[in-house]
Amino acid sequence: MQKKDNALLYLLIIIGFIVFLLKSINLNLFSMWLDEGFYYLAAREINKHGYPLYPSGHILFKGIFHSYFLSVFYLLSSGSTYVLRAVSLLLHCLLPIISFQLLKEYINKHILLIVALLYYLSIWETEFSRTLLYFSLLQFLFTISLILFFKSKFTKGRTNYAIPYILTNLTHQLGIALSFSFLSYLILKPKDFFKRKNIIITFIWGLFFGLIMFQEVLFWKVGQVYSNQESSITDIISYFFSKLTFIYFKLLYISANYGFLIFMIGSLSVIFFYFKNFSKHKTDIENQLIVYLDLTILFSLFGLGFMKTHPMPRYLYQFNFIFILLVVWFIYKFIMFINKYFKGRDKNIIIIPLVFIISYFSFKHIDLIKSANIIKRRYNSIIENNIITTSGRSFQIDHKDPGEFVRRRIKKDDIIIAMHMVFQYIYAGKVDYWLWTGGPGTWDGWEKINGEYRDVYLGVKWINNLLQLKNTIKKGLMTGKNIWIITSPSEERRDHINDEIRNFLFNNRGRIKYISKDGVSKVYLFDKSSLSKNTVEYKAEWGFYNKKNLIKSNKGNFILLSQKQEYETSRILYSYTKKIKIKTKTNARTFVRLSFIGKKEKIIKTFMIKKRETLIDFNPKEHIRHYLKLKILRGKNLYLKSFEIYYE
């Protein structure tokens, strides 16, 4: 038996290693996005000051253990985002292996192997394990904490769960869900719970978490979600809690689909039969474990329903491993219960593959193809945010290229105005003004100091109307400075940037110097030389992303487009476009088709290329965002030298 357990463990280690290699592909392809920049900056500042002191003078208390955890790898790798993301990926790959070792005494080992495989195929896991955010660390500590708590309270083994419990809550406030493990313990073992030692531990835990919550209200500026106007205990309570909502049950159903229904039916059935035959089951360690995990997850879903948060399925991410484990266990037990055919046979040969197949198709967020597509994602790929993020970001945002474009060209006294200050502080090297017109609920990142508003991250001045923006540009130009404006997808959101500023930027599209690979983020340059020109043409840099087809030469790089192949650009904002030119090279006649891709594909032009170099000019009529696709219909290979967009 020991040899069989070791064989399964070694197999799981091999699978975990392969998953790590596969999911590390393109790990550093994209710039940081979502909240990665906040924790990256915190890790950097820890290595400077010893604690996460932001340039504004405020400290990032939120997720403080995660910041310190990252700072170690930041120091070792000189700030490599690849390494910091790889650490999250490593934790993701280790969790099923460590959980297997901790749970193999209580649950069928083959079931644990199935859980590991499904967990690795989850698009939730693939999405968030490839970031330097807190998700993987939180899920890792949360899962291990629950298991260690069970081993400590329900078995004869002495296991220390205190350290991972504390670290989980210092990783993110969502660690509050661990509190419900005490409630599960109370219900399942009331006599043991009311022992003096356990009462003291529960009280200390409640006090610890209460202090964290009060600290957030009284001291947090950086990383805060809501405005701080609390003056009484009632206000403080209302800051965290609201009326009960069942939204998280709904979000779990949207993400898991049939898996959620199996979870709910299985949970209620197991809990009912457990307490109906309590005297019989109270010594059954496997049933105790399942009911304990069931109750904790259910209480947590109700608990989140009372929390004053922006409801997002990613807040359920920490439960994912336990959730998959429970669903797979319910399916396994149900098959064993209804099928007498397996009596006296080698059940594992038939049942285990059957459990895997049923489990795989029960989860909406477990999908091999979609997980692979996340790994292969490009800037023009669509993100299924209704399943994962619900953050309003349906595509990957490129903060890096615009910032580095400015960093390479900026002069010492130039002024940088940015819509996303933290990312451009990292990539462009500095930010002087924050451009933002959104109010509370869009991004509560400002404070009033000496009568003027500044952001709480960098402490830079806040420009929130067109007059301020124009005066800042005018003052800079009068003193001989260049003004760079780095935009983001917020430029398209009316709750972030108002119409006045957006129209001002649109009317100055001749000053665009760079458009990023996401097709939205741009760099505007206001300088004295550009003021005297009515129209200016600038080149936008776009990628076709097929590195294997890239041919390098002294005369410039070419991309080989083979017969019957097609290439898509990243998204293009046609409201800004005057002309599009595609420079090509071929040795024979080649017929190609140019198309827009929006909700449907629309053919723009089909034509023949017969010269050694050809320029394709056209003026798009539609003023919306699309992708551009180029396809060879007939003829020889085509070499794409460049893809240029010109603006008026």
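Report on the accompanying structure. (Residues numbered from 1 in each chain as written. Predicted model: local features only at pLDDT ≥ 70, side-chain atom pairs only at ≥ 80, totals over all residues. Heavy atoms only, no water.)

### Things to note about the overall build of the chain
Item 1. Of regular secondary structure, the chain possesses 24 helices and 18 strands.
Item 2. Across the chain, contacts joining residues at least 24 apart in sequence account for 73% of those joining residues at least 6 apart.
Item 3. Only carbon and sulfur atoms are counted for the fraction: they give 58% of the accessible area of the chain, which is about 29800 Å². (Helix = DSSP H or I, 4+ residues; strand = E, 2+ residues; numbered from the N terminus. Contact = heavy atoms within 4.5 Å. Areas by Shrake-Rupley, 256 points an atom, 1.4 Å probe, with all protein chains shown as cover.)

### Focus: the nonpolar core
Item 1. Within the largest apolar cluster, 138 residues are counted, with the highest numbers of intra-cluster contacts made by F263, Y292 and Y457.
Item 2. Excluding residues that lie within four positions of it along the chain, Y292 makes contacts with L146, F149, F150, F154, Y165, S181, S184 and L188.
Item 3. Ranked by size, the runner-up nonpolar core spans 20 residues in total, among them M419, I463, I485 and I501. (Core = buried A, V, L, I, M, F, W, Y, C linked by side-chain atoms within 4.5 Å. Buried < 20%, exposed > 50% of the residue type's maximum accessible area, 1.4 Å probe, protein only.)

### Section: a nonpolar patch on the surface
Item 1. Judged by side-chain polarity, I14, F17, I18, L21, L22 and I25 come together as a nonpolar surface patch covering roughly 570 Å² of accessible area.
Item 2. Following the sequence through the fold, I14 ends up in helix 1 (residues 2-23). (Patch = residues over 30% accessible without salt bridge, like charges linked within 9 Å, V, L, I, M, F, W, Y side chains within 5 Å. Salt bridge = Lys/Arg side-chain N within 4 Å of Asp/Glu carboxyl O.)

### Considerations on unusual backbone geometry
Item 1. Of note in the backbone geometry, N26 takes a positive phi value of approximately 60° without being a glycine.
Item 2. Position of N26 relative to the elements: it lies in the loop between helix 1 and helix 2 (36-49).
Item 3. Classification of N26 as partly exposed rests on a relative accessible area of 24%.
Item 4. For N257, which is not glycine, the phi dihedral falls at a positive 60°.
Item 5. One can find N257 in the loop between helix 13 (247-256) and helix 14 (258-276).

### Remarks on helix 17 (residues 320-338)
Item 1. Taking 1.5 Å per residue, 19 residues should reach 27 Å; helix 17 reaches 27 Å between its end C-alpha atoms and fits that length.
Item 2. The buried fraction of helix 17 is high, at 14 of 19 residues. (Expected span 1.5 Å × (residues − 1).)

### Looking at the environment of I358
Item 1. Inspection of the secondary structure puts I358 in helix 18 (residues 347-360).
Item 2. In this structure, I358 is in contact with I331 and I335, ignoring residues within four places of it in sequence.

### Observations regarding the environment of K4
Item 1. Considering the arrangement of structural elements, one finds K4 in helix 1.
Item 2. In this structure, the C-alpha to C-alpha distance between K4 and K109, residues 105 residues apart in sequence, is 9.6 Å.

### Let's talk about the pairing of strand 6 (residues 483-486)
On a regular strand, each side chain points to the face opposite its neighbour's, so the side chains alternate between the two faces of the sheet.
Item 1. Here strand 6 shows no split at all, with I483 and I485 on one side and W484 and I486 on the other all buried.
Item 2. With four bridges joining them, strand 1 (residues 415-418) and strand 6 adopt parallel strand pairing. Note that in strand 6 the partner of A418 across the bridge is I486.
Item 3. Taken together, the four bridges between strand 6 and strand 8 (residues 522-526) define a ladder with antiparallel strand orientation. Looking across to strand 8, one finds that I485 is bridged to Y524. (Pairing = 2+ DSSP bridges.)

### So, the pattern of salt bridges
Side-chain pairs of opposite charge can arise where the charged atoms are in close proximity.
Item 1. Considering all chains together, one arrives at 14 salt bridges under this definition.
Item 2. For D192, the salt bridge goes to K195, with nearest N and O atoms at 3.6 Å.
Item 3. For E491, the salt bridge is made with K522, and the minimal N-O distance between the two is 3.2 Å. Residue E491 is located in the loop between strand 6 and helix 23 (499-507), and its partner K522 is located in strand 8; the two are separated by 31 residues in the primary sequence.
Item 4. Overall, E491 belongs to the buried group, its relative accessible area being 2%.
Item 5. Salt bridges sharing partners connect three or more residues here, namely R44, E45 and K48.

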